[in-house]
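As a plain string of letters, each chain reads:
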Amino acid sequence: MMLPGGSIQTAWEPWFPMLFFLRRDEMKEFHRQDPLLSLCGLACCLCPMEVGGYCPGCGGGPGNQSCAIARCSLTHGRAAYCSACEAYPCPLAGTEDAYDSFITHQNRLQNLERAKGDLAGLHKELAEKGEILQDLLANHNDGRCKNLFCLGVNLLPLETLREIRTRLAENPERGSAARLLREAAAANGIALKLRKKK
């Protein structure tokens, strides 16, 4: 829509002020069916908060945290993913994140693009990555590797993770899972570290 002075108003702008005025009880109405992938493209099934039982995932029920993107979804017809919304890409969810939270945001936009074109394939990949993560945590975690395992499984290609899993089955030496993940990350040019604001 063209505004006086020639500026263009995007589809999300009329709703943006309302995002911050939804009552807390309205957030209780926010529920989603997808436990693997959040609205904004984060892989909930690979998140240390969800794996640790501290978060039910995006729209997963009691304990779900208040979120501007969830509020936006409630005002935009409850799109299943941001990439399915008529206003996407928008400044709220359609730009690259410079920093991570407790989960990496590095592949968030790629996940959203895949959700648009190959949701079934993305779900299949996330489910298998989730199984690999659970195996790593159950059989190779010395109590200090949960975040490393979550990052590695989230960022490394599935084929690389399959190879690591096979090598661990052949030689389950203590500490080898962390070493193999770090080596694979280095070979792929991936830093297994959350990007924090300084």
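Anything mentioned here points back to the structure above.
Worth saying up front: this structure is predicted, and the values here are computed from it rather than measured. (Residues numbered from 1 in each chain as written. Predicted model: local features only at pLDDT ≥ 70, side-chain atom pairs only at ≥ 80, totals over all residues. Heavy atoms only, no water.)

With that settled, the discussion passes to helix 4 (residues 108-117). Looking at helix 4, one finds that the buried residues are Arg108, Leu109, Asn111, Leu112 and Ala115. Buried positions in helix 4, seen along its axis, are confined to an arc of 160° and lie on one side of it. Its buried side turned inward, helix 4 meets helix 5 (119-140). (Buried < 20%, exposed > 50% of the residue type's maximum accessible area, 1.4 Å probe, protein only. Helix = DSSP H or I, 4+ residues; strand = E, 2+ residues; numbered from the N terminus. Arc of directions from axis to C-beta. Contact = heavy atoms within 4.5 Å.)

The next point concerns the environment of Asn154. Inspection of the secondary structure puts Asn154 in helix 6 (residues 146-155). Here Asn154 falls in the buried class, since its relative accessible area comes to 3%. Not counting the four nearest positions on each side in its chain, Asn154 is found in contact with Ala43, Leu46, Ile103, Thr104, Asn107 and Lys129. Polar contacts involving the side chain of Asn154 include one to the side chain of Asn107, which spans 2.9 Å. (Polar contact = N/O pair within 3.5 Å; in protein donor to acceptor, adjacent residues only side chain to side chain.)

Glancing now at the pattern of salt bridges. Going through the model one piece at a time under the given rule, you end up with 11 salt bridges. One salt bridge connects Arg108 with Asp97, and the closest N-O pair in it is separated by 2.7 Å. Note that Arg108 is positioned in helix 4 and Asp97 in the loop between helix 3 (68-75) and helix 4, a separation of 11 residues in sequence. What makes Arg108 buried here is its relative accessible area of 3%. Taking relative accessible area as the criterion, Asp97 reaches 22% and is therefore assigned partly exposed. Salt-bridge contacts for Arg114 lead to Asp118; the nearest nitrogen and oxygen are separated by 3.8 Å. Linked through salt bridges whose partners overlap, the residues forming this network are Arg114, Asp118, Glu125 and Lys129. (Salt bridge = Lys/Arg side-chain N within 4 Å of Asp/Glu carboxyl O.)

Geometric descriptors of this kind do not, in isolation, establish any biological role.
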